[in-house]
Amino acid sequence: MSDTRRGGLLSRRGSGQAPSRLVQRVAGRPEAGPAGEPPPEEEGKKRKRIWWIVGLVGGGVLVLGVVLLLLLGKPGDGGPEGRATETPAAGTPAGTALPVAPGQFFFLPPQEHPQSGWELFRPLLGDVNGDGRAEIIWNMTAEVNLIYVGLAQADGSFDLLPVQERSERYWSGFKTLLGDLNGDGRGDLIWNETTEHNRTYVGLGREDGTFDLLPFQDREERYWSGFQTFVGDVNGDGRGDLIWNETTEHNRTYVGLGREDGTLAFLPFQDRAEQGWKGFRTLVGDVNGDGRSDLIWNGLAGRNRVYTALGQKDGTFVLLPAQDHPREEGWEGFRVLVGEVNGDGRSDLVWNLTAQTNRLYVALGQEDGTFTFQEEGQERTEVGWGGFQTLVGDVNGDGRSDLVWNELAGHNRIYVGLGQEEGTFTFLPVQDHTETDWEGFRTLLGDVNGDGRDDLVWNRLQAENRIYVGLAGE
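Residues numbered from 1 in each chain as written. Predicted model: local features only at pLDDT ≥ 70, side-chain atom pairs only at ≥ 80, totals over all residues. Heavy atoms only, no water.

Caption draft 1: Expanded view of the overall build of the chain. Along its length, the chain carries three helices and 35 strands. Counting every position in the chain, which comprises 474 residues, the buried fraction comes to 46%. Taking as baseline every contact in the chain between residues at least 6 positions apart, the subset at least 24 positions apart corresponds to 48%. Of the roughly 22,800 Å² of accessible surface on the chain, 51% is carried by carbon and sulfur atoms. (Helix = DSSP H or I, 4+ residues; strand = E, 2+ residues; numbered from the N terminus. Buried < 20%, exposed > 50% of the residue type's maximum accessible area, 1.4 Å probe, protein only. Contact = heavy atoms within 4.5 Å. Areas by Shrake-Rupley, 256 points an atom, 1.4 Å probe, with all protein chains shown as cover.)

Encoded structure:
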């Protein structure tokens, strides 16, 4: 019997009444027994019944206490540990050390969005509410424009918000991008259509994970169908800018500078003097480390040729001459990526071939905006890379870009190459996800739990919306 119950029963002593037989027996006091008391054997049966009742009550109190302890100790059910959600438990409370090494991933249980009909949606990762964690944003641009947001939590799960819809119609030709146009530290949604005209809509991210939807802006120029749209900070003011670039026979660039209200200030075009730009790929990075976004053009037709344009404070570019890789041929099948491999604050180029073999070449960005090419490549010893995609991020939180190779077939297979100070990669062993049905999933990379390390997110958008997360180990 608990002390609380025992005290309640014994409190009657101070009332001037004689203690009951139950109190006397429970307290272990000897009984005097008046005349006419039942025989000893019947008294023994009574005692057994009393002790059985006492034990039953005490056991019930114990079970109730255990249940309350479990409920009060469960993380994520409200209060200071986080607000309750209807999403599945991620299984790793905030601050818990993950049982995996750096460059490996701790796999969380799946999470499903309760809505259905996701075939036309596209997933993006970005920090909508400015809390340092990457949200997952689903956007459909068809007849209507629908937005769902999953707010990233410290345990790697997502708090799913209701749908938000733009009132305008006819969105099928728009491209969706993410950037911080007004410089408030929250990711904004940008919709841009480049056909005969160039029309831009913006949704400014709010602290609650929704968007402040602004009216459209049109550029007055025409004939935009060959242009690509990029987001970067060209003038280094901390606000995202839009960059439009066309590479056909000529190379033409337009810029729209982001303003504090989320609108754009449109600048005139710039043309490069060189001709013959078909086949070049346009990338955005900070090659010279001055905090302003630069443009990089790379062509891999026979030789490997690189052009750079350095962003200036007024939103224009200083155009640098071409550089050719010393390896003169054999670039068919390579893909070029931008990252910060050696952690010096300048963007580097990585060329990766994933066919039967996996081969890498790196060019390190320099202060003058040029690249230093590494003539000797690196090759992984494993074979059979034709089905892998290559992603760039910082999975171990050391400030250097790492490579993640992911194959989604019957299995989910992951390889990692950790970026080193000299611009090479340290290759880690394979890691396989425990699940097997990965058809239709898309792979995303971003810092979901806000620990400074990029995590893997797999998302399938069919009739259902299923999410898997792999948290990067420390």
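Caption draft 2: Representation of the layout of surface pockets within the structure. Estimates place the volume of the largest pocket at around 1,900 Å³. Each residue belonging to the lining of the largest pocket can be placed in one class, and the counts come to 16 nonpolar, 15 polar and nine charged. (1 Å grid on protein atoms, 1.4 Å probe; cavity = no way out; pocket = protein on both sides within 12 Å on 5 of 7 lines; lining within 4 Å. Points joined across faces, edges and corners; volume = space filled by probe spheres on them. Nonpolar A, V, L, I, M, F, W, Y, C, P; charged D, E, K, R; others polar.)

Caption draft 3: Seen up close, the packing of aromatic side chains. What the rule picks out here adds up to 34 aromatic pairs. Both rings, one in Trp-385 and one in Phe-388, keep their centres 4.8 Å apart while their planes meet at 50°; by these two values the pair is tilted. Of the two residues, Trp-385 and Phe-388, neither departs from the other in class, the shared state being buried. A cation sits over an aromatic face here: Arg-327 above Trp-331, 5.2 Å from the ring centre. (Phe/Tyr/Trp six-rings, centres within 6.5 Å; stacked < 30°, edge-to-face > 60°. Lys NZ or Arg CZ within 6 Å of the ring centre and 35° of its normal.)

Caption draft 4: Region of interest: the pattern of salt bridges. Per the counting criterion, the structure on display carries 25 salt bridges. With its nearest N and O atoms 3.9 Å apart, the salt bridge here joins Arg-239 to Glu-260. Residue Arg-239 is located in the loop between β13 (228-232) and β14 (241-247), and its partner Glu-260 is located in the loop between β15 (251-258) and β16 (264-266); the two are separated by 21 residues in the primary sequence. For Arg-239, a relative accessible area of 19% translates into the label buried. With a closest N to O distance of 3.9 Å, Glu-421 and Arg-400 form a salt bridge. Taken as a pair, Glu-421 in the loop between β30 (412-419) and β31 (425-427) and Arg-400 in the loop between β28 (389-393) and β29 (402-408) lie far apart in primary sequence, 21 residues in all. On the basis of relative accessible area, Glu-421 is assigned to the exposed category, the value being 60%. (Salt bridge = Lys/Arg side-chain N within 4 Å of Asp/Glu carboxyl O.)

Caption draft 5: Summary view of the pairing of strand β34 (residues 455-461). In terms of burial, β34 is largely enclosed, as seven of its seven residues are buried. Of the two faces of β34, the one lined by Asp-455, Val-457, Asn-459 and Leu-461 and the one lined by Leu-456, Trp-458 and Arg-460 are each fully buried. Here strand β33 (residues 441-446) runs beside β34; their pairing, made up of six bridges, is antiparallel. In the strand pairing of β34, Arg-442 is matched with Asn-459. Pairing analysis gives six bridges linking β34 to strand β35 (residues 465-472), with the strands arranged antiparallel. Looking at the pairing, Trp-458 lines up with Tyr-468 of β35. In this antiparallel pair of consecutive strands, β34 and β35, the connection spans three residues. (Pairing = 2+ DSSP bridges.)

Caption draft 6: Just empty space enclosed by the protein, in detail. One pass over the full model with this rule turns up two cavities of 30 Å³ or more. A volume near 30 Å³ is recorded for the second largest cavity. As for the second largest cavity, its lining consists of Asn-251, Thr-253, Gln-270, Asp-271, Arg-272, Leu-295, Trp-297, Phe-317 and Leu-319. By residue class, the composition of the lining of the second largest cavity is four nonpolar, three polar and two charged.

Caption draft 7: Up close: the confidence of the model for the chain. Mean pLDDT for the chain: 85, with 80% of residues reaching 70 or above. Ignoring residues within four places in sequence, the model shows residues 1-48, a span with pLDDT below 50, making 30 contacts including any to other chains. Taken together, the stretch residues 50-91 has pLDDT below 50 and engages in 31 contacts with residues farther than four places along the chain or on a different chain. (pLDDT = per-residue confidence, 0-100.)

Caption draft 8: Looking closely at the nonpolar core. Counting 21 residues, the largest nonpolar core has Phe-121, Ile-136, Trp-138, Phe-158, Val-457 and Val-469 as its most contacted members. Of all elements in the fold, only β4 (135-141), β5 (145-152), β6 (158-160), β34 and β35 reach the threshold of two or more residues within this core. Counting residues in each nonpolar core, the second largest holds 16 residues, with Leu-391, Val-395, Val-404 and Ala-472 among its members. (Core = buried A, V, L, I, M, F, W, Y, C linked by side-chain atoms within 4.5 Å.)

Caption draft 9: View of the side chain of Asn-182. Among the structural elements, Asn-182 can be located in the loop between β8 (175-179) and β9 (188-194). What makes Asn-182 buried here is its relative accessible area of 14%. Here the side chain of Asn-182 touches Asp-184 through a polar contact of 3.3 Å, side chain to side chain. With residues near it in sequence (within four places) discarded, Asn-182 still touches Asp-188, Leu-204, Arg-239, Arg-259, Glu-260 and Gly-262. (Polar contact = N/O pair within 3.5 Å; in protein donor to acceptor, adjacent residues only side chain to side chain.)

Caption draft 10: View of the pairing of strand β19 (residues 294-299). Across the six residues that make up β19, a large majority, six, are buried. In β19, alternate side chains face the same way, and those of Asp-294, Ile-296 and Asn-298 on one face and Leu-295, Trp-297 and Gly-299 on the other are all buried. Where strand β18 (residues 281-285) meets β19, five bridges bridge the pair, whose relative direction is antiparallel. Counted as the bridge partner of Arg-281 is Asn-298 from β19. In terms of strand pairing, β19 meets strand β20 (residues 305-311) through five bridges, oriented antiparallel. Across the sheet, residue Trp-297 finds its bridge partner in β20, namely Tyr-307.

Caption draft 11: Local environment of the environment of Thr-210. Mapped onto the elements of the fold, Thr-210 is located in the loop between β10 (198-205) and β11 (211-213). Thr-210 sits in the partly exposed class, given a relative accessible area of 21%. Placed 48 residues apart in sequence, Thr-210 and Pro-162 show a C-alpha to C-alpha distance of 9.2 Å. In contact with Thr-210, not counting residues within four places along its chain, are Val-128, Gln-164, Leu-204 and Gly-205. Looking at Thr-210, its side chain comes within polar contact range of the side chain of Asp-208, at 2.7 Å.

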